[in-house]
Amino acid sequence: VLHKTVAELWAALPKEEKQAVEKTNSKLNAVHSAVVPIASVDVAEELIRSVGVDDVYSVKTMAQKTITRVIRLRGVRATMANILKQEMLSLGGDAAVHKDAISCKVEKTDVLLIGTLKQLRQLVSKLRVQVAEAQQIAYAVDEALRESA
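One structure accompanies this document, and this report is about it. Just so it is clear, the model here is predicted, and its values are computed rather than measured.

## Here we look at the pattern of salt bridges
Opposite charge on two side chains makes pairing possible when the charged atoms of those side chains draw close. Taken as a whole, this structure holds 9 salt bridges when the rule is applied. A salt bridge links K60 to E45, with the shortest nitrogen-to-oxygen separation between them at 3.3 Å. Of this pair, K60 sits in helix α4 (residues 56-64) while E45 sits in helix α3 (residues 41-50); the two residues are 15 residues apart in sequence, bridging distant segments of the chain. When its relative accessible area of 44% is taken as the criterion, K60 is described as partly exposed. Residue E45 is classed as buried on the basis of its relative accessible area, which comes to 10%. As a salt-bridge pair, E143 and R146 come within 3.0 Å of each other at their nearest N and O atoms.

## Looking at the environment of K65
Note that K65 resides in the loop between α4 and β1 (68-77). Classification of K65 by relative accessible area gives partly exposed; the value is 45%. As a C-alpha pair, K65 and L117 span 52 residues in sequence and 6.4 Å in three-dimensional space. Dropping the residues within four chain positions of it, K65 is found in contact with T116 and K118.

## Here we look at the nonpolar core
L73, L84 and L113 are the most contacted members of the largest nonpolar core, which has 22 residues in total. Elements with a contribution of two residues or more to this core: β1, α5 (78-91), β3 (108-116), α6 (117-128) and α7 (132-148).

## Details of a nonpolar patch on the surface
Together, V70, L112 and I114 give the surface a local cluster of nonpolar side chains, amounting to about 220 Å² of exposed area. With respect to the element layout, I114 can be found in strand β3.

## A few points about α3
When α3 is considered as a whole, its buried residues turn out to be A44, E45 and I48. All buried residues of α3 project into a common sector of 100° when viewed along the axis, lining one side. Opposite the packed face of α3, turned more than 90 degrees from it, sit the exposed residues D42, E46 and S50. Structurally, α3 contributes buried residues whose contacts are with α4. Of the residues one or two after α3, G52 is the one with positive phi, at around 105°.

Cut-offs used in this document
- Throughout, residues of each chain are indexed from 1 in the direction in which the sequence is written.
- Given that the model is predicted, a residue must reach a pLDDT of at least 70 before its local features are reported, and side-chain atom pairs must reach 80 or more before they are shown or counted; all residues, however, enter totals for whole chains, interfaces and linings.
- Excluding hydrogens and water, the side-chain figures rest on all heavy atoms present in the structure.
- One speaks of a salt bridge when a side-chain nitrogen belonging to Lys or Arg is within 4 Å of a carboxyl oxygen belonging to Asp or Glu.
- Numbering goes from the N terminus for both helices and strands, where a helix is a DSSP run of H or I of at least four residues and a strand is a run of E of at least two.
- Here's how the labels work: a residue is buried when its accessible area is under 20% of the maximum for its type, exposed when over 50%, partly exposed in between, all with a 1.4 Å probe on protein chains only.
- By definition, residues are in contact when any of their heavy atoms lie within 4.5 Å.
- In plain words, nonpolar cores are sets of buried Ala, Val, Leu, Ile, Met, Phe, Trp, Tyr and Cys residues tied together by side-chain atoms within 4.5 Å.
- Here the term patch refers to residues with relative accessible area over 30% and no salt bridge, with like charges joined within 9 Å and nonpolar side chains (Val, Leu, Ile, Met, Phe, Trp, Tyr) within 5 Å.
- With residues, only the protein chains shown are counted as cover, and all accessible areas are computed by Shrake-Rupley using a 1.4 Å probe.
- The directions considered for the arc run from the helix axis to the C-beta atoms.

Listed below in structure tokens is the structure:
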């Protein structure tokens, strides 16, 4: 069995192939990055259009994925808090709950719903068709989203 080091493999490459690899690497190294603060959907849409996206539906869909919100719910029953956590995880978001909520050692907990506007709106849709307690939370989350717009 032959074992060669990367240096040995590099040394064995023809000059033209080495030049092609080096050219590709120099192009890759030319990429620049920056964190872009996005405070609103309007700013997100403008930014998305600035990179050449012109389809209105695509711009609006992507913009909903750029804005993250954290919504605090107070006094949620532990079982409902666990459902919220699972629903948010299934949507790609998360929910912070008391450490003892999972075992229901606490009766109630505050919940921090953490997600994009899209994920939180999907949560609202899911909760609206469940039991009354979930519907009340859907209303509260929807209201918080409207107030933060």
